[in-house]
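Here are the chains, one letter per residue:
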Amino acid sequence: MSILITGGAGYIGSHLVKQLLEKNEDIIIVDNLSTGSMKTIDTLTKIGNFKFIEENLKNFTKIEEIFKNNNIDTIIHFAASIVVPESMENPLKYYMNNTVNTINLVNIANKYKIKKFIFSSTAAVYGEPVSVSESGISEEDETNPINPYGNSKLMSENIIKDTALANKYFKYVIFRYFNVAGADINYTNDELTPRIGQSFPNATHLIKIASECATKKRDKMSIFGNTYNTNDGTCIRDYIHVDDLANAHIKAIDYLDDNASEVFNVGYSKGSSVKKVISTMKKITQNNFKVNIQDKRAGDPANLISDNRKIINKMKWKPKYNDLELICKSAFIWEQKLKNL
Ligand SMILES: NC(=O)c1ccc[n+]([C@@H]2O[C@H](COP(=O)([O-])OP(=O)(O)OC[C@H]3O[C@@H](n4cnc5c(N)ncnc54)[C@H](O)[C@@H]3O)[C@@H](O)[C@H]2O)c1
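Quick summary incoming for the structure in this document. Note that this is a predicted model, so its numbers are computed, not measured. (Residues numbered from 1 in each chain as written. Predicted model: local features only at pLDDT ≥ 70, side-chain atom pairs only at ≥ 80, totals over all residues. Heavy atoms only, no water.)

**Focus on a negative patch on the surface**
On the surface, Glu25, Asp26, Asp254 and Asp258 cluster together to form a negatively charged patch. Mapped onto the secondary structure, aspartate 254 falls in helix α8 (residues 242-258). (Patch = residues over 30% accessible without salt bridge, like charges linked within 9 Å, V, L, I, M, F, W, Y side chains within 5 Å. Areas by Shrake-Rupley, 256 points an atom, 1.4 Å probe, with all protein chains shown as cover. Salt bridge = Lys/Arg side-chain N within 4 Å of Asp/Glu carboxyl O. Lys, Arg positive; Asp, Glu negative; His and termini not counted. Charge placed at Lys NZ, Arg CZ, Asp CG, Glu CD. Helix = DSSP H or I, 4+ residues; strand = E, 2+ residues; numbered from the N terminus.)

**Some remarks on the site of the ligand**
Taken together, 29 residues surround the ligand, and among them Asp31, Thr35, Phe78, Tyr149 and Lys153 come closest. A distance of 3.0 Å separates an oxygen atom of the ligand from a polar atom in the backbone of serine 34. For the ligand, an oxygen atom lies 2.7 Å from a polar atom in the backbone of phenylalanine 78. With the chains in place, 95% of the 820 Å² that the ligand exposes on its own is no longer accessible. (Near = heavy atom within 4 Å. Polar contact = N/O pair within 3.5 Å; in protein donor to acceptor, adjacent residues only side chain to side chain.)

**A closer look at the nonpolar core**
With 65 residues, the main nonpolar core has Ile5, Val173, Phe175, Ile207 and Val266 as its most contacted residues. With 9 residues, the top contributor of residues to this core is α8. Residues lining this core come from more than one domain, with at least three contributed by each of domain 1 (2-182 + 240-267 + 308-320) and domain 2 (187-235 + 270-305 + 325-340). Every residue in contact with isoleucine 207, bar those within four places of it in the chain, is listed here: Ala181, Tyr239, Val277, Met281, Leu324, Ile327, Cys328 and Ala331. Formed by 22 residues, the second largest nonpolar core is a distinct cluster that contains Ile66, Ile75, Ile160 and Phe170. (Core = buried A, V, L, I, M, F, W, Y, C linked by side-chain atoms within 4.5 Å. Buried < 20%, exposed > 50% of the residue type's maximum accessible area, 1.4 Å probe, protein only. Domains from an automatic or database assignment. Contact = heavy atoms within 4.5 Å.)

**Concerning the sheet that holds strand β3 (residues 51-54)**
Spatially, the 7 strands line up as an open sheet ordered β3-β2-β1-β4-β5-β6-β13, and their pairing is parallel. Strands at the two margins of the open sheet, each flanked by one partner only, are β3 and β13 (262-266). The average angle at which neighbouring strand axes cross in this sheet is 15°, direction not considered. Here strand β4 (residues 72-77) pairs with strand β5 (residues 116-122) via 4 bridges, running parallel. When the sheet's bridge partners are listed, isoleucine 76 is paired in β5 with isoleucine 118. (Pairing = 2+ DSSP bridges. Axes fitted to C-alpha atoms, helices over the stretch in contact; angles between N-to-C directions.)

**Description of the pattern of salt bridges**
Scanning the entire structure with this criterion turns up 19 salt bridges. Of the charged contacts, one joins arginine 195 and glutamate 22 as a salt bridge, the two residues approaching to 3.7 Å between their closest N and O atoms. Within this pair, whereas arginine 195 is found in the loop between β9 (191-192) and α7 (206-214), its partner glutamate 22 is found in helix α1 (residues 11-22), the two being separated by 173 residues in sequence. A salt bridge links lysine 208 to glutamate 335; its shortest N-O distance comes to 2.9 Å. Of this pair, lysine 208 sits in helix α7 while glutamate 335 sits in helix α11 (residues 324-340); the two residues are 127 residues apart in sequence, bridging distant segments of the chain. Assessed through its relative accessible area of 4%, lysine 208 is described here as buried.

**With respect to the side chain of aspartate 73**
Mapping aspartate 73 onto the fold places it in strand β4. One buried charged residue, aspartate 73, forms no salt bridge at all, with the nearest opposite charge on lysine 116 at 5.4 Å. Looking at aspartate 73, its side chain comes within polar contact range of the side chain of threonine 74, at 3.2 Å. Once residues within four sequence positions are removed from consideration, aspartate 73 is found in contact with Met1, Ser2, Ile114, Lys115 and Lys116.

**A look at the packing of α7 against α11**
Contact geometry for α7 and α11: axes closest at 9 Å, N-to-C directions at 55°. Relative to α11, the element α7 is oriented oblique. Between α7 and α11 the crossing geometry is right-handed. Residues Ile207, Lys208, Ser211, Glu212 and Ala214 of α7 form the contact with α11, whose participating residues are Leu324, Ile327, Cys328, Ala331, Phe332, Glu335 and Leu338. Class assignment of the residues belonging to the contact of α7 with α11 gives a composition of 8 nonpolar, 1 polar and 3 charged. (Parallel < 35°, antiparallel > 145°, perpendicular 65-115°, else oblique. Left-handed = near helix turned anticlockwise from the far one by under 90°. Nonpolar A, V, L, I, M, F, W, Y, C, P; charged D, E, K, R; others polar.)

**Concerning the pairing of β5**
Summarising burial for β5: 7 of the 7 residues are buried, a large majority. The alternating pattern of β5 places Lys116, Ile118, Ser120 and Thr122 on one face and Phe117, Phe119 and Ser121 on the opposite face, and all of these are buried. Pairing of β5 with strand β6 (residues 171-177) involves 7 bridges; the strand directions are parallel. By the bridge assignment, phenylalanine 117 is partnered in β6 with tyrosine 172.

**Some points on the side chain of aspartate 184**
Position of aspartate 184 among the secondary structure elements: in the loop between β7 (179-181) and β8 (187-188). Not counting chain neighbours up to four residues away, the residues in contact with aspartate 184 comprise His15, Lys18, Leu192, Thr193, Pro194, Arg195, Ile196 and Asp243.

Treat this as a map of the structure, not an account of what it does.
Below is the structure:
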(Lines give C-alpha, C1' and ligand atoms only; values in the text may rest on other atoms or scores of the structure.)
Protein backbone atom coordinates (compact mmCIF):
# COMPACT_ATOMS: atom_id res chain seq x y z
CA MET A 1 0.00 0.00 0.00
CA SER A 2 1.21 3.52 -0.79
CA ILE A 3 1.10 6.83 1.05
CA LEU A 4 0.14 9.79 -1.14
CA ILE A 5 1.82 13.02 -0.06
CA THR A 6 0.60 16.27 -1.59
CA GLY A 7 3.11 19.12 -1.35
CA GLY A 8 6.01 16.72 -0.71
CA ALA A 9 8.45 18.97 -2.62
CA GLY A 10 7.77 21.78 -0.13
CA TYR A 11 9.38 22.64 3.18
CA ILE A 12 7.48 20.52 5.71
CA GLY A 13 6.37 17.79 3.28
CA SER A 14 9.96 17.07 2.22
CA HIS A 15 11.01 16.50 5.85
CA LEU A 16 8.25 13.93 6.24
CA VAL A 17 9.25 12.26 2.94
CA LYS A 18 12.83 12.03 4.22
CA GLN A 19 11.69 10.29 7.41
CA LEU A 20 9.34 7.92 5.57
CA LEU A 21 12.07 6.98 3.08
CA GLU A 22 14.34 6.15 6.01
CA LYS A 23 11.59 3.71 7.09
CA ASN A 24 11.36 2.26 3.55
CA GLU A 25 7.73 3.28 3.10
CA ASP A 26 6.10 3.27 -0.33
CA ILE A 27 5.52 6.93 -1.27
CA ILE A 28 3.91 8.91 -4.06
CA ILE A 29 4.46 12.69 -4.08
CA VAL A 30 2.11 14.99 -5.97
CA ASP A 31 3.33 18.57 -6.26
CA ASN A 32 3.02 21.30 -8.89
CA LEU A 33 6.32 22.90 -7.79
CA SER A 34 4.63 26.28 -7.32
CA THR A 35 6.65 26.85 -4.14
CA GLY A 36 8.27 23.41 -3.87
CA SER A 37 11.50 22.67 -5.66
CA MET A 38 12.83 20.06 -8.06
CA LYS A 39 16.19 20.29 -6.25
CA THR A 40 14.44 19.04 -3.11
CA ILE A 41 13.02 16.10 -5.08
CA ASP A 42 16.51 15.33 -6.45
CA THR A 43 17.99 15.39 -2.94
CA LEU A 44 15.25 13.07 -1.65
CA THR A 45 15.96 10.55 -4.42
CA LYS A 46 19.43 10.15 -2.87
CA ILE A 47 17.77 9.00 0.36
CA GLY A 48 15.36 6.48 -1.18
CA ASN A 49 13.01 5.56 -4.02
CA PHE A 50 9.59 7.09 -4.52
CA LYS A 51 7.24 8.19 -7.28
CA PHE A 52 7.09 11.90 -8.06
CA ILE A 53 4.14 13.21 -10.08
CA GLU A 54 4.27 16.87 -11.10
CA GLU A 55 0.62 17.84 -11.12
CA ASN A 56 -1.69 20.55 -9.87
CA LEU A 57 -4.37 19.36 -7.43
CA LYS A 58 -6.90 21.45 -9.32
CA ASN A 59 -6.67 18.99 -12.24
CA PHE A 60 -9.22 16.65 -10.69
CA THR A 61 -9.21 14.07 -13.50
CA LYS A 62 -5.43 13.73 -13.43
CA ILE A 63 -5.46 13.39 -9.64
CA GLU A 64 -8.10 10.68 -9.84
CA GLU A 65 -5.94 8.76 -12.31
CA ILE A 66 -3.24 8.53 -9.65
CA PHE A 67 -5.72 6.72 -7.40
CA LYS A 68 -6.83 4.45 -10.24
CA ASN A 69 -3.25 3.46 -11.02
CA ASN A 70 -1.91 2.98 -7.49
CA ASN A 71 -2.87 1.20 -4.32
CA ILE A 72 -3.17 4.15 -1.93
CA ASP A 73 -4.44 3.78 1.64
CA THR A 74 -3.22 7.00 3.30
CA ILE A 75 -3.22 10.64 2.19
CA ILE A 76 -1.06 13.27 3.85
CA HIS A 77 -2.18 16.63 2.54
CA PHE A 78 0.39 19.45 2.83
CA ALA A 79 -0.17 21.23 -0.50
CA ALA A 80 -1.53 24.74 0.03
CA SER A 81 -0.87 28.43 -0.39
CA ILE A 82 0.47 29.70 2.92
CA VAL A 83 1.27 33.43 2.93
CA VAL A 84 -1.12 35.34 5.19
CA PRO A 85 -0.70 38.88 3.68
CA GLU A 86 -1.15 37.44 0.17
CA SER A 87 -4.36 35.77 1.36
CA MET A 88 -5.76 39.20 2.32
CA GLU A 89 -4.95 40.58 -1.16
CA ASN A 90 -6.08 37.54 -3.12
CA PRO A 91 -8.52 35.56 -0.96
CA LEU A 92 -9.97 33.52 -3.81
CA LYS A 93 -6.54 32.03 -4.56
CA TYR A 94 -6.60 30.67 -0.98
CA TYR A 95 -10.17 29.39 -1.08
CA MET A 96 -9.50 27.71 -4.45
CA ASN A 97 -6.09 26.23 -3.72
CA ASN A 98 -6.67 25.33 -0.08
CA THR A 99 -10.39 24.69 0.33
CA VAL A 100 -11.69 23.68 -3.11
CA ASN A 101 -8.72 21.40 -3.77
CA THR A 102 -9.17 19.80 -0.35
CA ILE A 103 -12.86 19.13 -1.13
CA ASN A 104 -11.80 17.45 -4.34
CA LEU A 105 -9.13 15.37 -2.66
CA VAL A 106 -11.53 14.25 0.08
CA ASN A 107 -14.10 13.41 -2.59
CA ILE A 108 -11.63 11.19 -4.44
CA ALA A 109 -10.51 9.72 -1.10
CA ASN A 110 -14.10 8.64 -0.51
CA LYS A 111 -14.51 7.19 -3.95
CA TYR A 112 -11.39 5.06 -3.46
CA LYS A 113 -12.22 4.18 0.16
CA ILE A 114 -9.08 5.78 1.61
CA LYS A 115 -8.87 4.98 5.32
CA LYS A 116 -6.48 7.63 6.66
CA PHE A 117 -6.33 11.34 5.90
CA ILE A 118 -3.74 13.52 7.65
CA PHE A 119 -4.19 17.25 7.20
CA SER A 120 -1.89 20.26 7.70
CA SER A 121 -3.87 22.90 9.51
CA THR A 122 -2.51 25.87 11.42
CA ALA A 123 -2.64 27.85 14.66
CA ALA A 124 -4.07 30.62 12.44
CA VAL A 125 -7.48 28.95 12.92
CA TYR A 126 -7.48 30.34 16.49
CA GLY A 127 -7.16 33.94 15.27
CA GLU A 128 -6.51 36.39 18.09
CA PRO A 129 -7.34 34.43 21.23
CA VAL A 130 -9.34 36.53 23.70
CA SER A 131 -7.80 34.90 26.74
CA VAL A 132 -5.24 32.15 26.88
CA SER A 133 -4.66 29.98 29.91
CA GLU A 134 -1.21 29.45 31.47
CA SER A 135 -0.85 26.18 29.58
CA GLY A 136 -1.39 27.81 26.17
CA ILE A 137 -4.06 27.49 23.48
CA SER A 138 -5.86 24.18 23.59
CA GLU A 139 -7.70 22.35 20.82
CA GLU A 140 -10.95 23.08 22.68
CA ASP A 141 -10.43 26.86 22.52
CA GLU A 142 -12.56 28.87 20.17
CA THR A 143 -11.54 29.01 16.52
CA ASN A 144 -11.90 32.43 14.97
CA PRO A 145 -9.55 33.00 12.03
CA ILE A 146 -8.86 36.61 11.11
CA ASN A 147 -7.61 36.16 7.55
CA PRO A 148 -8.57 34.14 4.44
CA TYR A 149 -5.61 31.77 4.94
CA GLY A 150 -6.87 30.74 8.40
CA ASN A 151 -10.44 30.61 7.12
CA SER A 152 -9.49 28.41 4.17
CA LYS A 153 -7.87 25.95 6.58
CA LEU A 154 -10.74 25.97 9.10
CA MET A 155 -13.23 25.35 6.29
CA SER A 156 -11.08 22.42 5.14
CA GLU A 157 -11.01 21.06 8.70
CA ASN A 158 -14.83 21.13 8.82
CA ILE A 159 -15.13 19.44 5.43
CA ILE A 160 -12.85 16.63 6.60
CA LYS A 161 -14.72 16.26 9.93
CA ASP A 162 -18.14 16.15 8.28
CA THR A 163 -16.94 13.59 5.77
CA ALA A 164 -15.65 11.36 8.57
CA LEU A 165 -19.01 11.61 10.37
CA ALA A 166 -20.77 10.35 7.27
CA ASN A 167 -18.24 7.66 6.29
CA LYS A 168 -17.12 5.41 9.11
CA TYR A 169 -14.12 3.96 7.26
CA PHE A 170 -12.60 7.44 6.66
CA LYS A 171 -10.47 8.59 9.60
CA TYR A 172 -8.44 11.78 9.97
CA VAL A 173 -5.80 13.47 12.02
CA ILE A 174 -5.86 17.25 11.74
CA PHE A 175 -2.65 18.91 12.93
CA ARG A 176 -2.66 22.57 13.90
CA TYR A 177 0.99 23.57 13.48
CA PHE A 178 2.47 26.44 15.47
CA ASN A 179 5.59 28.24 14.10
CA VAL A 180 7.57 25.75 12.08
CA ALA A 181 11.30 26.42 11.71
CA GLY A 182 14.76 24.87 11.27
CA ALA A 183 16.10 22.38 8.74
CA ASP A 184 16.99 18.69 8.37
CA ILE A 185 18.96 17.43 11.38
CA ASN A 186 21.66 15.46 9.61
CA TYR A 187 25.26 15.06 10.72
CA THR A 188 28.34 14.40 8.58
CA ASN A 189 31.49 13.75 10.65
CA ASP A 190 29.75 15.26 13.68
CA GLU A 191 28.94 18.43 11.74
CA LEU A 192 25.38 19.61 11.23
CA THR A 193 24.76 19.36 7.47
CA PRO A 194 21.08 19.81 6.53
CA ARG A 195 20.22 18.31 3.12
CA ILE A 196 16.80 19.97 2.86
CA GLY A 197 15.19 23.04 4.39
CA GLN A 198 12.99 25.99 3.62
CA SER A 199 13.94 26.91 0.04
CA PHE A 200 11.23 29.23 -1.22
CA PRO A 201 12.41 32.87 -1.19
CA ASN A 202 10.29 35.73 0.20
CA ALA A 203 9.14 33.67 3.13
CA THR A 204 7.52 35.65 5.93
CA HIS A 205 8.78 33.43 8.76
CA LEU A 206 10.89 35.18 11.41
CA ILE A 207 13.65 32.55 11.64
CA LYS A 208 13.96 32.35 7.85
CA ILE A 209 14.29 36.14 7.64
CA ALA A 210 16.84 36.22 10.46
CA SER A 211 18.83 33.48 8.64
CA GLU A 212 18.74 35.56 5.46
CA CYS A 213 20.18 38.51 7.42
CA ALA A 214 22.85 36.34 9.03
CA THR A 215 23.91 35.04 5.60
CA LYS A 216 23.91 38.62 4.24
CA LYS A 217 21.09 38.02 1.76
CA ARG A 218 19.28 40.89 3.46
CA ASP A 219 20.92 43.84 5.11
CA LYS A 220 18.33 44.33 7.85
CA MET A 221 15.08 43.11 9.33
CA SER A 222 12.20 44.57 11.33
CA ILE A 223 10.56 43.91 14.65
CA PHE A 224 6.88 44.81 14.44
CA GLY A 225 6.04 46.35 17.82
CA ASN A 226 8.05 46.39 21.08
CA THR A 227 5.34 47.49 23.49
CA TYR A 228 3.37 44.25 23.84
CA ASN A 229 2.56 43.02 27.29
CA THR A 230 5.39 40.44 27.25
CA ASN A 231 8.72 40.16 29.09
CA ASP A 232 10.66 42.21 26.51
CA GLY A 233 7.74 43.92 24.72
CA THR A 234 7.94 41.80 21.54
CA CYS A 235 5.55 39.05 20.41
CA ILE A 236 5.97 35.53 21.71
CA ARG A 237 5.56 32.46 19.50
CA ASP A 238 5.99 28.71 19.86
CA TYR A 239 8.74 27.61 17.42
CA ILE A 240 8.78 23.92 16.56
CA HIS A 241 11.57 22.15 14.69
CA VAL A 242 10.38 20.83 11.32
CA ASP A 243 11.78 17.32 11.98
CA ASP A 244 9.76 17.00 15.19
CA LEU A 245 6.67 18.14 13.30
CA ALA A 246 7.32 15.65 10.49
CA ASN A 247 7.69 12.91 13.06
CA ALA A 248 4.20 13.68 14.43
CA HIS A 249 2.84 12.66 10.98
CA ILE A 250 4.60 9.31 11.19
CA LYS A 251 3.03 8.75 14.61
CA ALA A 252 -0.36 9.74 13.17
CA ILE A 253 -0.26 7.00 10.52
CA ASP A 254 0.04 4.33 13.23
CA TYR A 255 -2.30 6.17 15.61
CA LEU A 256 -5.19 5.89 13.16
CA ASP A 257 -4.89 2.08 13.10
CA ASP A 258 -6.36 1.80 16.60
CA ASN A 259 -7.79 5.21 17.45
CA ALA A 260 -10.55 7.54 16.40
CA SER A 261 -10.09 10.71 14.36
CA GLU A 262 -8.63 13.65 16.25
CA VAL A 263 -7.42 17.26 16.09
CA PHE A 264 -4.00 17.95 17.64
CA ASN A 265 -1.96 21.09 18.24
CA VAL A 266 1.69 20.56 17.37
CA GLY A 267 4.10 22.82 19.22
CA TYR A 268 6.43 22.72 22.22
CA SER A 269 4.17 24.64 24.62
CA LYS A 270 7.10 26.99 25.01
CA GLY A 271 7.36 30.58 23.83
CA SER A 272 10.26 32.66 22.55
CA SER A 273 10.03 36.37 21.91
CA VAL A 274 11.00 37.97 18.60
CA LYS A 275 13.94 39.66 20.37
CA LYS A 276 15.07 36.33 21.82
CA VAL A 277 15.01 34.66 18.39
CA ILE A 278 17.02 37.49 16.84
CA SER A 279 19.60 37.55 19.65
CA THR A 280 19.96 33.75 19.40
CA MET A 281 20.58 33.97 15.64
CA LYS A 282 23.12 36.77 16.18
CA LYS A 283 24.94 34.81 18.89
CA ILE A 284 25.14 31.58 16.86
CA THR A 285 26.28 33.28 13.66
CA GLN A 286 28.41 36.03 15.24
CA ASN A 287 26.68 38.46 12.92
CA ASN A 288 25.28 41.63 14.42
CA PHE A 289 22.87 42.43 11.57
CA LYS A 290 20.71 45.56 11.68
CA VAL A 291 17.25 45.39 13.22
CA ASN A 292 14.75 48.24 13.24
CA ILE A 293 11.56 48.65 15.22
CA GLN A 294 8.36 49.27 13.31
CA ASP A 295 4.71 49.72 14.29
CA LYS A 296 2.66 46.77 15.43
CA ARG A 297 0.88 44.90 12.62
CA ALA A 298 -2.87 44.40 12.74
CA GLY A 299 -3.82 40.93 13.88
CA ASP A 300 -0.55 40.01 15.61
CA PRO A 301 -1.49 38.61 19.04
CA ALA A 302 1.09 39.17 21.82
CA ASN A 303 1.29 35.52 22.79
CA LEU A 304 0.66 32.36 20.75
CA ILE A 305 1.77 29.25 22.58
CA SER A 306 0.33 25.79 22.10
CA ASP A 307 -1.06 23.58 24.80
CA ASN A 308 0.49 20.32 23.54
CA ARG A 309 -0.71 17.96 26.28
CA LYS A 310 -3.17 16.21 23.98
CA ILE A 311 -0.62 15.09 21.37
CA ILE A 312 1.89 14.13 24.07
CA ASN A 313 -0.59 12.13 26.13
CA LYS A 314 -2.73 10.55 23.42
CA MET A 315 -0.28 10.07 20.57
CA LYS A 316 2.84 9.64 22.74
CA TRP A 317 4.66 12.13 20.51
CA LYS A 318 8.15 12.80 21.91
CA PRO A 319 9.81 15.89 20.42
CA LYS A 320 13.62 15.71 20.21
CA TYR A 321 14.72 19.15 19.07
CA ASN A 322 13.08 21.55 21.53
CA ASP A 323 16.10 23.84 21.47
CA LEU A 324 15.98 27.35 19.97
CA GLU A 325 19.74 27.38 19.32
CA LEU A 326 19.58 24.15 17.32
CA ILE A 327 16.54 25.41 15.40
CA CYS A 328 18.35 28.66 14.49
CA LYS A 329 21.63 26.87 13.74
CA SER A 330 20.05 24.36 11.36
CA ALA A 331 18.09 27.16 9.61
CA PHE A 332 21.26 29.26 9.25
CA ILE A 333 23.44 26.44 7.88
CA TRP A 334 20.70 25.53 5.40
CA GLU A 335 20.44 29.17 4.31
CA GLN A 336 24.21 29.25 3.70
CA LYS A 337 23.93 26.09 1.62
CA LEU A 338 21.01 27.54 -0.38
CA LYS A 339 23.23 30.45 -1.37
CA ASN A 340 25.45 28.01 -3.27
CA LEU A 341 22.76 25.75 -4.73
N1 LIG B 1 5.42 26.67 7.42
C2 LIG B 1 4.68 26.91 8.49
O3 LIG B 1 5.14 27.56 9.46
C4 LIG B 1 3.28 26.38 8.58
C5 LIG B 1 2.53 26.68 9.73
C6 LIG B 1 1.22 26.17 9.81
C7 LIG B 1 0.71 25.37 8.81
N8 LIG B 1 1.45 25.11 7.69
C9 LIG B 1 0.85 24.26 6.64
O10 LIG B 1 1.77 23.25 6.28
C11 LIG B 1 1.62 22.91 4.91
C12 LIG B 1 2.97 22.89 4.24
O13 LIG B 1 3.56 24.18 4.38
P14 LIG B 1 5.05 24.49 3.93
O15 LIG B 1 5.61 25.48 4.89
O16 LIG B 1 5.79 23.22 3.69
O17 LIG B 1 4.80 25.26 2.55
P18 LIG B 1 5.50 25.06 1.13
O19 LIG B 1 5.01 26.19 0.29
O20 LIG B 1 6.96 24.88 1.27
O21 LIG B 1 4.88 23.68 0.63
C22 LIG B 1 3.65 23.57 -0.04
C23 LIG B 1 3.87 22.62 -1.21
O24 LIG B 1 2.62 22.41 -1.87
C25 LIG B 1 2.79 22.55 -3.28
N26 LIG B 1 1.51 23.00 -3.83
C27 LIG B 1 0.83 24.13 -3.53
N28 LIG B 1 -0.33 24.17 -4.22
C29 LIG B 1 -0.39 23.03 -4.96
C30 LIG B 1 -1.34 22.50 -5.88
N31 LIG B 1 -2.45 23.15 -6.21
N32 LIG B 1 -1.09 21.29 -6.45
C33 LIG B 1 0.05 20.61 -6.15
N34 LIG B 1 0.98 21.06 -5.29
C35 LIG B 1 0.76 22.27 -4.72
C36 LIG B 1 3.93 23.57 -3.44
O37 LIG B 1 4.60 23.49 -4.67
C38 LIG B 1 4.84 23.19 -2.27
O39 LIG B 1 5.76 22.19 -2.64
C40 LIG B 1 0.63 23.91 4.33
O41 LIG B 1 -0.63 23.27 4.22
C42 LIG B 1 0.59 25.02 5.35
O43 LIG B 1 -0.66 25.67 5.37
C44 LIG B 1 2.72 25.60 7.56
